[in-house]
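The primary structure of each chain is shown beneath.
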Amino acid sequence: MTMIIGSEPTVRGIIELETILAVIIVSAWGGVVSYLMRETRRRTQKNIKGCLKQVVISCFTGFLLSSIALDKGAGTHMTLILSGLGGVFAGPVLKMLKDKLAQIFVK
């Protein structure tokens, strides 16, 4: 199954559903890894609610990075790598994107 993005026939980008699902799964796994790394440093009690919060944030960040990668013409493998890294480093990536957007809109 494919999804067609774009309104004009010459500017269509086709993203396969499998690629979108893989991006979400890899980003979510990056969120679990990030949660586990953070919790082992703190030595606190692990909870499901905190892990799910991290997974949701990581899915969002991984999806953002994979969208940027696809926009720049990266292949599927590089897109999945960036979505995984976006999942693990969700906090710093969101801060960098926020700072970059602030620079763009302040000018």
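Because the structure is predicted, anything quoted here is derived from the model rather than measured. (Residues numbered from 1 in each chain as written. Predicted model: local features only at pLDDT ≥ 70, side-chain atom pairs only at ≥ 80, totals over all residues. Heavy atoms only, no water.)

### Brief notes about the overall build of the protein
Right, on to step 1. Per the secondary structure count, the protein includes four helices and two strands.
Right, on to step 2. Listing every helix and strand of the protein by position from the N terminus yields β-β-α-α-α-α.
Right, on to step 3. The long-range fraction of contacts in the protein, counting pairs at least 24 apart against all pairs at least 6 apart in sequence, stands at 57%.
Right, on to step 4. Accessible surface, the protein: about 7800 Å² in total, of which carbon and sulfur atoms supply 69%. (Helix = DSSP H or I, 4+ residues; strand = E, 2+ residues; numbered from the N terminus. Contact = heavy atoms within 4.5 Å. Areas by Shrake-Rupley, 256 points an atom, 1.4 Å probe, with all protein chains shown as cover.)

### Here we look at the confidence of the model for the protein
Right, on to step 1. Mean pLDDT for the protein: 84, with 82% of residues reaching 70 or above.
Right, on to step 2. Mean pLDDT values for the elements of the protein range from 55 in strand β1 (residues 2-5) up to 93 in helix α3 (residues 76-88).
Right, on to step 3. Confidence drops under pLDDT 50 across residues 7-12; counting only partners more than four residues distant or on other chains, this segment forms four contacts. (pLDDT = per-residue confidence, 0-100.)

### Considering the pattern of salt bridges
Right, on to step 1. Scanning all chains against the criterion turns up two salt bridges.
Right, on to step 2. For Lys95, the salt bridge identified is with Asp99, shortest N-O distance 3.2 Å. Placement of both Lys95 and Asp99 in helix α4 (residues 90-106) is noted, with a separation of four residues, approximately one turn of the helix.
Right, on to step 3. Ionic contacts of the salt-bridge type, sharing partners, join the residues Lys95, Lys98 and Asp99 into one network. (Salt bridge = Lys/Arg side-chain N within 4 Å of Asp/Glu carboxyl O.)

### Looking at a nonpolar patch on the surface
Right, on to step 1. A cluster of nonpolar residues, Met78, Ile81, Leu85 and Phe89, forms a patch on the protein surface that exposes about 370 Å² of accessible area.
Right, on to step 2. If you trace the backbone, Phe89 turns up in the loop between α3 and α4.
Right, on to step 3. Judged by relative accessible area, Phe89 falls into the partly exposed class, the value being 42%. (Patch = residues over 30% accessible without salt bridge, like charges linked within 9 Å, V, L, I, M, F, W, Y side chains within 5 Å. Buried < 20%, exposed > 50% of the residue type's maximum accessible area, 1.4 Å probe, protein only.)

### Observations concerning the side chain of Gln54
Right, on to step 1. Among the structural elements, Gln54 can be located in helix α2 (residues 48-71).
Right, on to step 2. If we ignore the near neighbours within four places in the chain, the residues touching Gln54 are Gly31, Ser34, Tyr35, Arg38, Gly87 and Ala90.

### Focus on the packing of α2 against α4
Right, on to step 1. Viewed as axis vectors pointing N to C, α2 and α4 meet at an angle of 50°, and their least axial separation amounts to 9 Å. In terms of orientation, α2 and α4 fall into the oblique class. Remark: the crossing between α2 and α4 carries left-handed chirality. Along its contact with α2, which presents Gln54, Ile57, Ser58, Phe60, Thr61, Leu64, Leu65 and Ile68, the element α4 presents Ala90, Val93, Leu94 and Leu97.
Right, on to step 2. Residues belonging to the contact of α2 with α4 are distributed by class as follows: nine nonpolar, three polar and no charged. (Axes fitted to C-alpha atoms, helices over the stretch in contact; angles between N-to-C directions. Parallel < 35°, antiparallel > 145°, perpendicular 65-115°, else oblique. Left-handed = near helix turned anticlockwise from the far one by under 90°. Nonpolar A, V, L, I, M, F, W, Y, C, P; charged D, E, K, R; others polar.)

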